[in-house]
Structures are given as C-alpha cells and as structure tokens.
Amino acid sequence: MVCERCVMAVQQIIATAGLEATSVSIGNASIKQDLNAEQLHRLDRQLQAIGFELLCNHDDALVERIKTTVIFLARRDDGQTVKLSEELANALHSDYKQLSNIFSTHERRTIEKFFIAQKVEHVKELLNYGQLTVSEIAYRTGYSSVPHLSRQFKRETGLTPTQYRQRPTKRRPLDKV
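K.L.:
I'd like to hear about the packing of helix H3 (residues 58-74) against helix H4 (residues 84-92), residue by residue, with values.
P.N.:
Two packed helices can be described by the angle between their axes and the distance between those axes. Viewed as axis vectors pointing N to C, H3 and H4 meet at an angle of 130°, and their least axial separation amounts to 10 Å. Relative to H4, the element H3 lies oblique. Note that H3 runs across H4; the crossing there is right-handed. Contact residues: Arg65, Ile66, Thr69, Val70 and Leu73 in H3; Leu84, Glu87, Leu88, Ala91 and Leu92 in H4.

This is the structure we're talking about:
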C-alpha cells in the first residue's frame, strides 16, 4: 500500500469479508481474528483483485515496509538531504545492513537504487506540474545541486530534466518503480 486510498481499499475488503481490523496503515494490516486457510485464501484473492498481495512471510513483509518507508523519504519536499541508512534504520528499528541484505536478496537491487528510482519519479511529477524550475526542484528534493540532479535523472531516464519537461513520458505507478 502506498497511499491513503490504498488503506481505505484494504479496510473495505477486510470489512466486507466480515473481519475486524485492529489496524490498517500504509504497508500493514492487522486482523483481530485468527484466520483459517480458506479465509486467508479468500482474503488473498480479494486483495490480488485490486493489485495487492497478502504477505505472511516476515521477510516479505519487511521488504514491503522498507519500500513504503523509502517512498515516503524519497517524496519529502523539505529541502533536506536524506540520510537513507540512518533514517531507514531508525524508522524500522533495525540494523541497516540487515535491512539492506534482505531487500537486495528479495528485490535484486539495492535500497539505494530503489531510493534513487523513487526520487526520480518524484522529480518527474514535479516537472510535469510545470510550476517549479529545475533549480527549485533540486533544492526541494534534497539534491546538492542542479548538475547532481541532472546526472542522476539522465542516468535513470536517458533524458535531462529539461528534455523530459519538453516531452514528458508516461510515468509508472510507484509500486512498479
């Protein structure tokens, strides 16, 4: 789950199934009752129908929590440089090296590469709005300079931010980045 609408959709599915959620938040849902295999299967099918999946495995759930946290960090617009390893370790109350190993094993890419991809998607969104200059976008998204943003953006997209703004391409949903 990557947004509040996702949370509402999952809450609705849980309620429709006659279950009681103790909590539903971005990337996590807890159900009060113990579910049997048939209930789990039915819930999983309903979640899959709207693009979600049921994660019962601890590592799979942790990878989803890492993704959700990284997306949040990549979309910050406060101009601060994100200290990814520190902020992720603090947010998830885990050792960053352990988080990194689990993530890389499951996703076949590093947390840093996932973070950069998410950040570039956010920059694309800001470029599409057309309200900020590339310099303002670089500052707001925590890049140290416009050249740094441009290099990373070009490495990810094959275009400079200015070229992208002139001919925007279709953006990918955040969960597909």
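K.L.:
I'd like to hear about the pairing of strand E2 (residues 28-31), residue by residue, with values.
P.N.:
Working note: regular strand, side chains alternate between the two faces of the sheet. When strand E1 (residues 21-25) meets E2, the two strands line up antiparallel, connected through 4 bridges. Pairing of Val24 across the sheet is with Ala29, part of E2. Hairpin connection between E1 and E2: a loop of 2 residues separates the two successive antiparallel strands, and Gly27 in this loop has a positive phi of roughly 85°.

K.L.:
A description of the pattern of salt bridges should follow, citing residues and the corresponding values.
P.N.:
If the charged atoms of two oppositely charged side chains come close together, the side chains can form a pair. Going through the model one piece at a time under the given rule, you end up with 9 salt bridges. Of the charged contacts, one joins Lys67 and Glu107 as a salt bridge, the two residues approaching to 3.3 Å between their closest N and O atoms. Note that Lys67 is positioned in helix H3 and Glu107 in helix H5 (residues 96-107), a separation of 40 residues in sequence. Among the residues examined, Lys67 registers a relative accessible area of 16% and is labelled buried. Looking at Glu107, the relative accessible area reads 24%, which means it is partly exposed. Across the salt bridge formed by Arg76 and Glu87, the nearest N and O atoms sit 2.7 Å from each other. Here the residue Arg76 occupies a position in the loop between H3 and H4, and Glu87 occupies one in helix H4, the gap between them amounting to 11 residues. Shared partners join several salt bridges into a network, and the residues in it are Glu64, Lys67 and Glu107.

K.L.:
Please provide a residue-by-residue account of the environment of Arg109, values included.
P.N.:
Note on placement: Arg109 falls in the loop between H5 and helix H6 (111-129). Considered as a pair, Arg109 and Arg165 are 56 residues apart in the sequence and their alpha carbons are 28 Å apart.

K.L.:
How would you explain the packing of H5 against H6 if you had to name every residue and give the values?
P.N.:
Interhelical geometry of H5 versus H6 gives an angle of 80° and a closest axis separation of 9 Å. When the axis of H5 is compared with that of H6, the two are roughly perpendicular. For the pair H5 and H6, the contacting residues are Tyr96, Leu99, Ser100 and Phe103 in the first and Ile111, Glu112 and Phe114 in the second. Of the residues that constitute the contact of H5 with H6, the class distribution is 5 nonpolar, 1 polar and 1 charged.

Here is what the cut-offs are and how they apply
The numbering scheme is per chain: residues are counted from 1 as the chain's sequence reads. In keeping with the predicted nature of the model, local features appear solely for residues at pLDDT of at least 70, side-chain atom pairs appear and are counted solely at 80 or more, and the whole-chain, interface and lining totals rest on all residues. To get the side-chain values, take all heavy atoms of the structure and skip hydrogens and water. Axes here mean lines fitted to C-alpha atoms, for a helix over just the part in contact, with angles spanning 0 to 180 degrees between N-to-C directions. Helix and strand assignments follow DSSP, with helices taken as H or I runs no shorter than four residues and strands as E runs no shorter than two, numbered in order from the N terminus. What sets the label is the angle itself: under 35 degrees gives roughly parallel, over 145 gives roughly antiparallel, 65 to 115 gives roughly perpendicular, and the rest give oblique. In this scheme the crossing of two helices becomes right-handed for a clockwise turn of the near helix relative to the far one and left-handed for an anticlockwise turn of less than a right angle. Contacts are residue-level and defined by heavy atoms, with any inter-residue pair within 4.5 Å sufficient. Strands are treated as partners if at least two bridges between them are detected by DSSP. Whenever Lys or Arg places a side-chain nitrogen within 4 Å of a carboxyl oxygen from Asp or Glu, that contact is recorded as a salt bridge. Exposure classes here rest on a 1.4 Å probe applied to the protein chains alone. A residue is buried below 20% of its type maximum, exposed above 50%, and partly exposed in between. The nonpolar class holds Ala, Val, Leu, Ile, Met, Phe, Trp, Tyr, Cys and Pro. Asp, Glu, Lys and Arg form the charged class, and all remaining residues, Gly among them, are polar.

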